[in-house]
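Architecture and fold: a report
Listed below are the residues making up each chain.
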Amino acid sequence: MSRPLHDANPRPLPVRELMAVSADGSRIHVEVHGQDGAPAVVLAHGWTCNTHFWDAQIRDLAVDHRVIAYDQRGHGASPSVGRAGYSTEALADDLEAVLAATLAPGEKAVLAGHSMGGMTIMSASRRAGLREHAAAALLCSTGSSRLIAESLVVPLRPGAVRTRMTRAILGARAPLGPVTPVSRRILKYGTMGAGSAPGRVDACARIVHDCPRAARVAWGHVLADLDLDEGVRELRVPTAVIAGTDDRLTPPVHARAIAAALPDCLGLTELTGMGHMTPVEAPEVVTAKIRELVTAYLPVRGTKDGEGKAESKEEVV
C-alpha cells in the first residue's frame, strides 16, 4: 500500500470501507470518510494512482463533509480484470456503482475527478446515475480526446515520430520497479512542475509505482485512443475546470477545449507552474474549489432540494 502523502499529518481512517459491484461484476474498493449526513463529495483518481492521491483533500474535507473515494478498477484495492474489462464505458459503470452504493436515492454530491477520474465523469455524463446524484463537478488536469497528439512528454515537435513515441510510453510493459532518485526525476519531469516539493514528488512516485503493471498497460491503451468529446457536451451539471500551465500529459489546450464545450462551465483556473498532479501540487486550491462547489450547489441540510443554496459566481481566468 502507498503511504499517505504527508506522514506528519496522516489522513483520518475511513469510517467504513466497502466493495461496490459494477455492471460486469467487477468489485470496486470504496472508502467513506467523515460523518453521515454531511455534504457528500465523491473523488475519482487518475491513471496509475489510488485513493491515497486525495490524502490532502480527504484530510481537510472529512472534518465537515462525507468524502467518498474509490480505487479505479485495477488500481489500489480494486482487483484487476481481464483486458476486455478496461474501457471508458467501464469507468462510467464503476462510477455509477459507487454512487448507488454510497448515496441515498436522489441524494446529491459534488464529483471531483483528476485526469482519468475526470474522464470517468465525462464518460458517465449521460448516465442516469450521474444525473441523479451529481450536483456539480470539478475536472482537474484532464482531457477528452487527442491525448497522444497534444502530449508534451516527448520533447519533439508535433508529428508522427512524437506520436509513436508517446503511444509507446502509454503502453509500455516494462515494470517500474522500486522508487529511486532516477525514477523520481523521471516522474517529476513527466507529471509535475519544476518547483514541486521533494516530499510531494516522492509521494506521487510511490503511488504510481504501486500501480499493478497489467492495469497500467491496459488503461494506457484506452487513453491512447480516447474520444470523450461528446461526453463533455453532455455533462449538464455546473462544472469547474482546473489545469496546470506546465502539464505535459494533458496540456492546458485540453482544459480550454473542455471549458469551451461544457454546457454549464463555471470557469477555468490555470495554475502557473503546476504540472499534471494538481491535487497534490496545489492541494489548497483544489480543496477550496471543491468547498466552493459544495457551498454553491448542495442544499443546506434540512432544506428542500434547490433551496438554501448560495449564489454561484463564474470565475474569470
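Residues numbered from 1 in each chain as written. Predicted model: local features only at pLDDT ≥ 70, side-chain atom pairs only at ≥ 80, totals over all residues. Heavy atoms only, no water.

**Considering the pattern of salt bridges**
Cut-off, in case you're wondering: Take a side-chain nitrogen of Lys or Arg and a carboxyl oxygen of Asp or Glu: if they are within 4 Å of each other, that pair is a salt bridge. Only DSSP runs of H or I reaching four residues or more are called helices, and only runs of E reaching two or more are called strands; each is numbered from the N terminus.
On inspection of all chains with the given rule, the structure shows 18 salt bridges. Arg233 is the partner of Glu230 in a salt bridge, and the nearest nitrogen-oxygen pair spans 2.9 Å. Placement of the pair is Glu230 and Arg233 together in helix H10 (residues 229-233), with a separation of 3 residues, close to one helical turn. Residues participating in the shared-partner salt-bridge network are Glu89, Asp93, Glu96 and Arg127.

**A few points about the state of the cysteines**
Our working rule: In plain terms, two cysteine sulfur atoms within 2.5 Å form what is called a disulfide here. Only protein chains enter the calculation, and the probe is 1.4 Å; a residue is then buried if its accessible area is under 20% of its type maximum, exposed if over 50%, and partly exposed in between.
Following the criterion strictly, the structure yields 0 disulfides and no others. Between Cys49, a free cysteine, and Cys204, which holds the nearest cysteine sulfur, the sulfur-to-sulfur gap is 6.7 Å. The thiol of Cys211 is not disulfide-bonded; the next cysteine sulfur, from Cys49, is found 8.1 Å away. Here Cys211 falls in the buried class, since its relative accessible area comes to 9%.

**Details of the nonpolar core**
The test is simple: Within this scheme, the nonpolar core is defined by two criteria: the residues are buried Ala, Val, Leu, Ile, Met, Phe, Trp, Tyr or Cys, and they are joined through side-chain atoms within 4.5 Å.
Of all hydrophobic cores here, the largest spans 50 residues; its most connected members are Leu95 and Leu111. Counting 37 residues, the second largest nonpolar core, distinct from the first, contains Val201, Ile207, Val294 and Tyr297.

**Things to note about the confidence of the model for the protein**
Rule in force here: Each residue carries a pLDDT score, the predictor's confidence in it, ranging from 0 to 100. Two residues form a contact once any of their heavy atoms are found within 4.5 Å.
Residues with a pLDDT of 70 or more make up 91% of the protein, whose mean pLDDT is 91. Long-range and interchain partners of residues 1-7, a stretch whose pLDDT sits below 50, account for 21 contacts in this model, where long-range means more than four residues apart. In the predicted structure, residues 302-317 sits below a pLDDT of 50 and forms 26 contacts with residues beyond four places in sequence or in another chain.

**A closer look at the packing of aromatic side chains**
We apply this condition: Aromatic contacts are taken between Phe, Tyr and Trp rings whose centres are within 6.5 Å, Trp giving its six-membered ring; a plane angle under 30 degrees counts as stacked, one over 60 as edge-to-face, and the others as tilted.
Under the definition given, this model contains 2 aromatic pairs. Taken together, a centroid distance of 6.0 Å and an interplanar angle of 85 degrees make the contact between Phe53 and Trp54 edge-to-face. The class for Trp54 is buried, based on a relative accessible area of 0%. On the basis of an interplanar angle of 85 degrees and a centroid distance of 5.0 Å, the ring pair of Tyr86 and Trp219 is categorised as edge-to-face. Residue Tyr86 is found in the loop between strand E4 (66-70) and helix H2 (88-102), and its partner Trp219 is found in helix H9 (residues 213-224); the two are separated by 133 residues along the sequence.

**Quick notes on the environment of Thr51**
Secondary-structure assignment places Thr51 in the loop between strand E3 (40-44) and helix H1 (55-61). Among the residues examined, Thr51 registers a relative accessible area of 2% and is labelled buried.

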